[in-house]
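# Secondary and tertiary structure notes
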Amino acid sequence: MMAADYPFSVDGNEFKGKRVLVTGGTKGMGEAMVRRLMLGGASVATTARSPLPEGQQPALFIQTDIGTAHGVQEVVDKVLQSWGGIDILVNCVGGSSAPNGGFQVLTDEEWQKALNVNLMAAVRFDRSLLPGMLDRRSGVILHIASIQHRLPLYDSTLAYAAAKAALTTYSKGLANEVGPKGVRVNVISPGFIETSGAHGMIVQLAKSNGVDERAARQQIMDMIGGIPVGRPGSPEEVAELVAFLASNRAASIHGTDYTIDGGTIPTA
């Protein structure tokens, strides 16, 4: 099947009977993941700090800040109460609100905020939902990191990059622990993905620099070191990788970090 607003064909039964939690799933890559997994037949729960946008219909929605231990617990309680457990956990929430200005402007508070959202949210969800997967000897955990854990940009996202590096290292250790017990853990590291938020940034840059959107997009691509395929990725392309890694087709893929960046990180 192919939904009108989704560019790839999908097997509507692939995730039938699967209970999925995608954190931060109301916009950008997270929204595309929710849509893709629902098209594949899954029951999908998601979270956001802001209200559910009109037209989105996940099976469960919990509005809370999962950058806090309380927010994570709220989601866990709701999911366990409604479904009794999760089969696939996609820790997608992430981002940076830190100011520009390099290492000196990153206060303890900014560092803590970056660690809470980009590392601790995933750690807390895993700690609460993984035991059920281990009991069933079945489950998939995907952590969405960033190529910045290998190519950190220092101006405003240094704390974000460091938190994503920590998430990646944590994921490797977790994979070693739970792989023999039936749960697969993998990392996805996107590069520049043109979400609606990123498109807004391109529009702003074009206006402030007096250039067209194409030139502004190229400026951002140059800033991160170039994209050999010549364009940013799309949220749906990341969602396809999520769907593949979450499926039985990827049953032997475990403890791996998948880069999806159009070639920004040079090939060895």
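Residues numbered from 1 in each chain as written. Predicted model: local features only at pLDDT ≥ 70, side-chain atom pairs only at ≥ 80, totals over all residues. Heavy atoms only, no water.

## So, the nonpolar core
- Of all hydrophobic cores here, the largest spans 31 residues; its most connected members are Val22, Met33, Leu37, Val90, Ile188 and Val242.
- It is helix 7 (residues 235-246) that provides the largest number of residues to this core, a total of 7 residues.
- In contact with Val90, other than residues within four places in its own chain, are Leu21, Val22, Thr23, Met33, Leu142, Ile144 and Val242.
- If you look at the next biggest cluster of nonpolar residues, it comprises 22 residues, including Val79, Ile86, Ala121 and Ala175. (Core = buried A, V, L, I, M, F, W, Y, C linked by side-chain atoms within 4.5 Å. Buried < 20%, exposed > 50% of the residue type's maximum accessible area, 1.4 Å probe, protein only. Helix = DSSP H or I, 4+ residues; strand = E, 2+ residues; numbered from the N terminus. Contact = heavy atoms within 4.5 Å.)

## Concerning the layout of surface pockets
- Quantified by volume, the second largest pocket comes out at close to 210 Å³.
- Around the second largest pocket, the lining comprises 14 residues; the ones closest to its centre are Lys18, Ser138, Val140, Ala246 and Asn248.
- Of the residues assigned to the lining of the second largest pocket, the class counts are 5 nonpolar, 5 polar and 4 charged. (1 Å grid on protein atoms, 1.4 Å probe; cavity = no way out; pocket = protein on both sides within 12 Å on 5 of 7 lines; lining within 4 Å. Points joined across faces, edges and corners; volume = space filled by probe spheres on them. Nonpolar A, V, L, I, M, F, W, Y, C, P; charged D, E, K, R; others polar.)

## So, the packing of aromatic side chains
- Counting across every chain of the model gives 1 aromatic pair.
- Taking the centre distance of 6.0 Å and the plane angle of 70 degrees together, the rings of Tyr6 and Phe8 count as edge-to-face.
- Taking the relative accessible area as the measure of exposure, Tyr6 reaches 1% and is therefore buried.
- Given a relative accessible area of 31%, Phe8 falls into the partly exposed group. (Phe/Tyr/Trp six-rings, centres within 6.5 Å; stacked < 30°, edge-to-face > 60°.)

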